[in-house]
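# Architecture at a glance
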Amino acid sequence: MRVILSFLIGAALISIASFGGSHLVKEAYAQSPTQALSDRDAYYPGTEDIASDEMRVTACGTGMPNARPKQAAACFLVELGNGDKFIFDIGTGSMERLTGLAIPFDYLDKVFIGHLHADHFGDLDALWVGGVISNRQRPLRVWGPNSTRPEYGTAYAVDHMEKMLTWDSASRLGNVNTQGLQIEVNEFDYRGVNQVIYEENGVTVRSFPAIHALDGPVSFTLEWNDLKFAYSSDTYPNKWWMEFAKGADIAIHECFLPPALLVTKQKWPVQDALNVGTQVHTSPSMFGKVMSLTEPRLAVAYHFFNDFDTAPFVERQIRTTYDGPLALAVDYMVFNVTKDDIRVRMASINEDVWPLPSVTDKLPADPSQRIGFTQFLIEGREVFQDVINKIYDDINEEFGTNISTPN
Ligand SMILES: [Zn+2]
Ligand SMILES: [Zn+2]
């Protein structure tokens, strides 16, 4: 049975709560006065298993390059019933969203970057270094495109990110375990058409060219268990998306702020709004046309400020060219995708979340790696030896250790 509901969750207009599924109909609505609700209609991270045949997609960044409290820049997490997890784009602010999902960072070790705009990889540094601080002990693996010049490619960007963080990573040596600072970069040809860039454990990720700003951008598909996820990153409508994203179970495509809003809300010159809105990006009515040709089970629009006043305007423009299943993404929108059903809900986040433990025992730092201070700073220290001795004594007593105070 097909169930269609129209309702508002926050500012996110969702046209579909469930497709093809019947759970909303079958379940009794009568509730016990003492037992937990049978259907809380929200996703509470860390409380739901992923079924063996299920793909769970979470929007961790849906907004503009101007990250704001409500919407980080582009990032989507794909979690599969086989245990694998994949990050597609890691835009500015999205690391905070990933942390909110209460997943051990050891599992968040695979990142696919569609292009090198900061709103699509600006939190790679936070995931890399922050992941170490947050207990990731595995190397970080990154996939991204090359371009027409080496310095426009992903390997160059990651190499220079590491260089930018030279002081940061040196400062960690000997103080925390730094296994997680290993980083593996897989740069591939942006001109590859439906090329396989990842194939492990029954999961295949393919790339094809996107048309956006400069040569280099790509879009992705991920296929597993007869389910297909398609993600545009940023692109002007193009023939490769039409061919290779066609019929995806969930198709996430950019839907940029309409030119009128770039002028009225963001105070852009009209000429620039038209150029960026319709030539560099895909405007909502263009998005609708793309989805009419893609015919996904669910179309997901992102890359605009999704507010109470903009969402109806954006949806009206999309509906001039597309009448199929649609969600207008905001951060923490969650899509549970199976062959029978696509359920769309919002996640409810614990803002007091802490990093989870590493999957394997947390290894100690290697003090022999510590670089240390020059004599200039050592002689500037005010050493409260009694106070520090008491901290060590108390901790040794609490945890049954016998660690002596450093000299
Ligand atoms: Zn871009
Ligand atoms: Zn973008």
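Above this text you will find the structure in question.
Residues numbered from 1 in each chain as written. Chains lettered and ligands numbered in written order. Predicted model: local features only at pLDDT ≥ 70, side-chain atom pairs only at ≥ 80, totals over all residues. Heavy atoms only, no water.

## Some details on the overall build of the chain
Scanning the chain from terminus to terminus reveals 13 helices and 18 strands. Taken against the 2.2 N^0.38 rule, which gives 22 Å for 407 residues, the C-alpha radius of gyration of the chain at 24 Å falls within 12% of a compact globule. Overall size of the chain, expressed as C-alpha extent along the three principal axes, is 75 × 65 × 45 Å. With 407 residues in all, the chain has 49% of them scored as buried. For the chain, the exposed area adds up to about 19,300 Å²; of that, 55% sits on carbon and sulfur atoms. (Helix = DSSP H or I, 4+ residues; strand = E, 2+ residues; numbered from the N terminus. Rg over C-alpha atoms; globule rule 2.2 N^0.38 Å. Buried < 20%, exposed > 50% of the residue type's maximum accessible area, 1.4 Å probe, protein only. Areas by Shrake-Rupley, 256 points an atom, 1.4 Å probe, with all protein chains shown as cover.)

## Overview of the coordination of the zinc ion (ligand 1)
Only His-115 (NE2), His-117 (ND1), His-212 (NE2) and Asp-234 (OD) from the protein reach the zinc ion (ligand 1) as donors, at distances of 2.1 to 2.4 Å. Between the two metals, the zinc ion (ligand 1) and the zinc ion (ligand 2), the spacing is 3.4 Å, and Asp-234 donates to both. Residue His-115 is found in the loop between strand S7 (110-112) and helix H3 (118-121), and its partner His-212 is found in the loop between strand S11 (203-209) and strand S12 (218-224); the two are separated by 97 residues along the sequence. (Donors = N, O, S within 2.8 Å, 3.2 Å for Na, K, Ca; no water.)

## Let's talk about the side chain of Ser-207
Mapped onto the elements, Ser-207 comes out in strand S11. Sequence-distant contacts of Ser-207, that is, excluding residues within four places in its chain, are made with Phe-188, Gly-192, Val-193, Asn-194, Gln-195, Ile-197, Val-218, Ser-219 and Phe-220. (Contact = heavy atoms within 4.5 Å.)

## Let's talk about the nonpolar core
Ranked by size, the top nonpolar core spans 69 residues in total, and within it Met-55, Phe-88, Leu-124, Leu-222, Phe-229 and Phe-335 carry the most contacts. Once residues within four sequence positions are removed from consideration, Leu-222 is found in contact with Met-55, Val-78, Leu-80, Phe-86, Phe-88, Val-203, Thr-204, Val-205, Leu-227, Lys-228 and Phe-229. Judged by nonpolar contacts, the second largest core, of 28 residues, contains Phe-256, Leu-257, Phe-287 and Tyr-322. (Core = buried A, V, L, I, M, F, W, Y, C linked by side-chain atoms within 4.5 Å.)

## Examining unusual backbone geometry
One non-glycine residue, Ala-213, adopts positive backbone phi at about 70°. Note that Ala-213 resides in the loop between S11 and S12.

## Some thoughts on the pairing of strand S18 (residues 342-346)
Most of S18 sits out of view: five of its five residues are buried. Because side chains alternate across S18, one face comprises the buried residues Ile-342, Val-344 and Met-346, and the other comprises Arg-343 and Arg-345, equally buried.

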